[in-house]
Number of protein chains: 2
Amino acid sequence: MKILIDAFGGDNSPEEVIAGTIEALKEESDFVAVLVGKEEVIKNLLEGYEYDKSRVEIINAPGVITCEEEPTVAVRRKPESSICVAFKELKENDEARAFVSAGSTGAVLVGATLKLGRIKGVNRPALCPIMPTAKGDKQVILLDSGANADCKSINLLQFALMGTVYAEALGVENPKVALLSNGTEDEKGNMLNHEVFPMLKAAKGINFVGNIEARDILSGDIDVVVCDGFAGNVAVKAIEGAIKTFMTLMKQGIYSSFKGKLGGMLLKDTFKTLGKKMDYNNHGGALFVGVNKAVIKAHGSSKRAAIKAAVLQAKKYAHFDIADKITAKLELQESGEEA
Amino acid sequence: MKILIDAFGGDNSPEEVIAGTIEALKEESDFVAVLVGKEEVIKNLLEGYEYDKSRVEIINAPGVITCEEEPTVAVRRKPESSICVAFKELKENDEARAFVSAGSTGAVLVGATLKLGRIKGVNRPALCPIMPTAKGDKQVILLDSGANADCKSINLLQFALMGTVYAEALGVENPKVALLSNGTEDEKGNMLNHEVFPMLKAAKGINFVGNIEARDILSGDIDVVVCDGFAGNVAVKAIEGAIKTFMTLMKQGIYSSFKGKLGGMLLKDTFKTLGKKMDYNNHGGALFVGVNKAVIKAHGSSKRAAIKAAVLQAKKYAHFDIADKITAKLELQESGEEA
């Protein structure tokens, strides 16, 4: 299996992308990494590492799409960019099974939808991060976290179905699906929620458990959280910001006294483990669910550890092969609606 | 000045509400607390405290509106409830300047809008919590955090204007107002954002600085965050949940080893201060901005410290007397639109 990696995506590319790729290659043996980007630069950087040369390929792509560019325009005008070259390869080469990029989210989403194509039956693919929860190793996935700022009820229903298939692939039995709302009672929500709630309740093949408040996303009681891409983006980033702020203030508190510094030293390992667990980047990137192959969007600020996690996640996800299962789940729903 | 307090609102009422009220009375001297609820119960509970009897009054209200009741129906059918009796008094008694409740958010909002009335020119009042930030004593206010699940652009514009007046009253000079969005670039956002962005840019009397991502709400760089009540609710509750989860996991980490326990002991004070700072309940409740007097919605789970903070905040807010300033700001805007 080949995994394509955008060597020129993200704030710390290409250095950290290449470092992370090498680390992923060392961790697992059954894939080939295909670095897409400026060939000469990649070659030079690779010289600094020892690795199995039969497991690394380079596809030259002289262009880069930046985060400042309008995604639709950039994808059309820059066929030679690393993102566009990678999607072309992903579509045309059967061996290429997944793509990882820490570059422009918009360009990755547009490129995936236009160049790779949607799974049969899917109206709108969705960005779906995996997040840690308060309960041990239990994780929660949330979709859409930002691909579709405005959604219709049919989109949210499809997110619930796709999320269920994804959670099942991750090993969750009968995953619990909840609708993100402004209260737990059935009648809470905005107009979109009011429309989609009965649809989710009636849907076949999902275990819909009702509304969830944003404060319970990380509780570990729910496996799949469904919402439009605007609310999802707000939720995921609010969580990220709250934890960052908390850690900043904790550090200030620790460094403000001798007792604090001593305590901080003793808790160094605890903080490290915790920081790693809470940082959703370490759980791999966000999967773009609903397109024909595995597309992983890693955080723009990804360093080698996050890239490594995303590459390994891409490999795992490519193995799931969930496209058919998603289509089946969607068809089950449609037949139900006709009945 | 009299401050009305819903003695029968919240998970820990009436005991904690009365305890918090007594603490507030001890902290500041220039107000009278009016407890609204079942008179006999309140009287019995008050017997357990020493306090200046000339500063506590009771208004009997035999009914209670629970969080399970549909707010509009409950407010109409239960004129004898503590919330309805309090709003009647607040409207009719000039000395009564503020109301604090930890009860049903919906009933407080409906009661305030229907019985107390909106400030001249305000279409939709908004729930506006004060939150701590990463920058020392700097705070941020966010509106709407849940009163209006579906909003129009005019509502968001008014939230920006009301938020500016509120922040100014809190002592912030030329408060920075940002629109909550799914990216910082001007063109980011959902349809509502796209509509309101140019309105905010053109608005008179506000210092609009553009879009903000949810991860930067607590950064301390912004004074007023504007959004619809659904996204705002998601943001505020996601922050609350993230911090709660982080603290839970931190405790688990600390208790898992001897070294951890020792470190935890040394950092006990740091954690305590931090927990207090990050818990937005300690910053008072959320102000319901846009109605004719000061209405503070405290968290349903408020204990005495949160009630005390909310009562003192209510007093402070009643002093601001911002209704005229809000009307003036709205009129300035309208004259601008006509020009």
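Bear in mind the structure is a predicted one, so any value in this text is a computation, not a measurement. (Residues numbered from 1 in each chain as written. Chains lettered and ligands numbered in written order. Predicted model: local features only at pLDDT ≥ 70, side-chain atom pairs only at ≥ 80, totals over all residues. Heavy atoms only, no water.)

Chemist: What is the right way to read the overall build of chain A from this model?
Modeler: Assigned secondary structure in chain A consists of twelve helices and twelve strands. Relative to the globule expectation of 20 Å for 339 residues, the C-alpha radius of gyration of chain A, 21 Å, shows essentially globular dimensions. If you line up chain A on its principal axes, its C-alpha atoms span 60 × 60 × 35 Å. Classification of the 339 residues of chain A by burial places 59% in the buried group. Long-range pairs, those at least 24 residues apart, make up 73% of the contacts in chain A between residues at least 6 apart in sequence. Carbon and sulfur atoms form 50% of the exposed surface of chain A, whose accessible area is close to 13900 Å². Side-chain charges of chain A comprise 42 positive and 45 negative groups, with the mean position of each set lying 4 Å from the other. (Helix = DSSP H or I, 4+ residues; strand = E, 2+ residues; numbered from the N terminus. Rg over C-alpha atoms; globule rule 2.2 N^0.38 Å. Buried < 20%, exposed > 50% of the residue type's maximum accessible area, 1.4 Å probe, protein only. Contact = heavy atoms within 4.5 Å. Areas by Shrake-Rupley, 256 points an atom, 1.4 Å probe, with all protein chains shown as cover. Lys, Arg positive; Asp, Glu negative; His and termini not counted. Charge placed at Lys NZ, Arg CZ, Asp CG, Glu CD.)

Chemist: What should I look at first to understand the environment of Leu 330 of chain B in this one?
Modeler: Residues and elements named next belong to chain B. Looking at where Leu 330 falls in the secondary structure, it is placed in helix α12 (residues 323-338). Between the C-alpha atom of Leu 330 and that of Gly 205, which follows or precedes it by 125 residues, the distance is 9.2 Å. Dropping the residues within four chain positions of it, Leu 330 is found in contact with Lys 120, Gly 121, Val 122, Gln 158 and Leu 161.

Chemist: Looking at this structure, how should I read the interface of chain A and chain B?
Modeler: By a widespread convention, an interface's size corresponds to the accessible area lost as its parts come together. Tallying the contact residues gives 51 residues for chain A and 51 residues for chain B. Of the roughly 4700 Å² buried between chain A and chain B, counting both surfaces, carbon and sulfur atoms make up 72%. It is Arg 215, Phe 230 and Phe 246 of chain A in chain A that bury the most area against chain B; as a group they hold 16% of the surface buried on that side. The tally of links from chain A across to chain B stands at six salt bridges. Residue Glu 213 of chain B is joined to Lys 237 of chain A by a salt bridge in which the shortest nitrogen-to-oxygen separation is 2.2 Å. (Buried area = accessible area lost by both parts, 1.4 Å probe. Salt bridge = Lys/Arg side-chain N within 4 Å of Asp/Glu carboxyl O.)

Chemist: Looking at this model, I keep getting lost on the relation of the copies chain A and chain B. Mind explaining?
Modeler: Between the two copies of this chain, the relationship is a rotation about some axis together with a displacement along it. With an RMSD of 0.0 Å, the fit of chain A onto chain B corresponds to turning through 180 degrees and sliding 0.0 Å along the axis. Those values place the two copies in the arrangement expected of a two-fold rotation axis. For chain A, the residue whose C-alpha comes nearest the rotation axis is Gly 263 of chain A, separated from it by 2.1 Å. (Least-squares fit on C-alpha atoms with pLDDT ≥ 70 in both.)

Chemist: How do you make sense of the pairing of strand β4 (residues 96-101) of chain A when you look at a structure like this?
Modeler: One face of the sheet, then the other: side chains in a regular strand alternate in exactly this way. All names here are of chain A. Here β4 lies mainly inside the structure; five of its six residues are buried. Bridge analysis of strand β1 (residues 2-6) against β4 gives four bridges, and the strand direction is parallel. Its bridge partner lying in β4, Lys 2 is registered against Ala 96. Bridging between β4 and strand β12 (residues 294-297) involves four bridges; their strand directions are parallel. By the bridge assignment, Phe 99 is partnered in β12 with Val 295. (Pairing = 2+ DSSP bridges.)

Chemist: What exactly am I supposed to notice about the packing of helix α8 (residues 229-255) of chain A against helix α10 (residues 268-278) of chain B here?
Modeler: Each pair of packed helices gets described by two things: the angle between the helix axes and the distance between those axes. Closest axis-to-axis distance for the α8 of chain A/α10 of chain B pair is 10 Å, and the angle between their directions is 145 degrees. Considering only the axes of α8 of chain A and α10 of chain B, their crossing is right-handed. Residues Ala 242, Thr 245, Phe 246, Leu 249, Met 250, Gly 253 and Ile 254 of chain A of α8 of chain A pack against Thr 270, Phe 271, Leu 274, Lys 277 and Met 278 of chain B of α10 of chain B. When the residues that make up the contact of α8 of chain A with α10 of chain B are grouped by side-chain class, the tally is eight nonpolar, three polar and one charged. (Axes fitted to C-alpha atoms, helices over the stretch in contact; angles between N-to-C directions. Left-handed = near helix turned anticlockwise from the far one by under 90°. Nonpolar A, V, L, I, M, F, W, Y, C, P; charged D, E, K, R; others polar.)

Chemist: Just checking my understanding: could you explain the sheet that holds strand β10 (residues 224-226) of chain A for this structure?
Modeler: Within a sheet, neighbouring strands are paired by backbone hydrogen bonds and run either parallel or antiparallel to one another. Residues and elements named next belong to chain A. Spatially, β6-β7-β10-β8-β9 is the arrangement adopted by the five strands of the open sheet, whose pairing is mixed. Among the strands making up the open sheet, the edge pair consists of β6 (130-132) and β9 (207-213). Looking at each pair of strands side by side, their axes are set apart by 30 degrees on average, direction ignored. Pairing of strand β7 (residues 139-143) with β10 involves three bridges; the strand directions are parallel. Residue pairing in the sheet places Ile 141 in a bridge with Val 224 of β10. In this fold α8 packs onto β6, β7 and β8 (176-181), with an angle of close to 140 degrees to the strand it touches most, β7.

Chemist: Can you walk me through α8 of chain A in this structure?
Modeler: Since the α-helix packs 3.6 residues into each turn, any two residues three or four apart lie on the same face. All names here are of chain A. Its 27 residues give α8 an end-to-end C-alpha distance of 39 Å, which sits within 8% of 39 Å, the value for a rise of 1.5 Å per residue. By the criterion of burial, α8 is predominantly enclosed, with 21 of the 27 residues buried. Near the N-terminus of α8, the side chain that reaches the backbone nitrogen of Phe 230, with its oxygen 2.8 Å away, is that of Asp 228. (Expected span 1.5 Å × (residues − 1). Polar contact = N/O pair within 3.5 Å; in protein donor to acceptor, adjacent residues only side chain to side chain.)

Chemist: How should I be thinking about the pairing of strand β9 (residues 207-213) of chain B in this particular structure?
Modeler: Residue and element names in this part refer to chain B. Among the seven residues that make up β9, five are buried, leaving the element largely enclosed by the rest of the structure. Relative to β9, strand β8 (residues 176-181) runs parallel, the two sharing six bridges. Across the sheet, the residue bridging to Leu 179 is Asn 211, located in β9. In this fold, the crossover linking β8 to β9 by way of helix α7 (residues 191-202) has right-handed handedness. (Right-handed = clockwise from strand over helix to strand, strands pointing away.)

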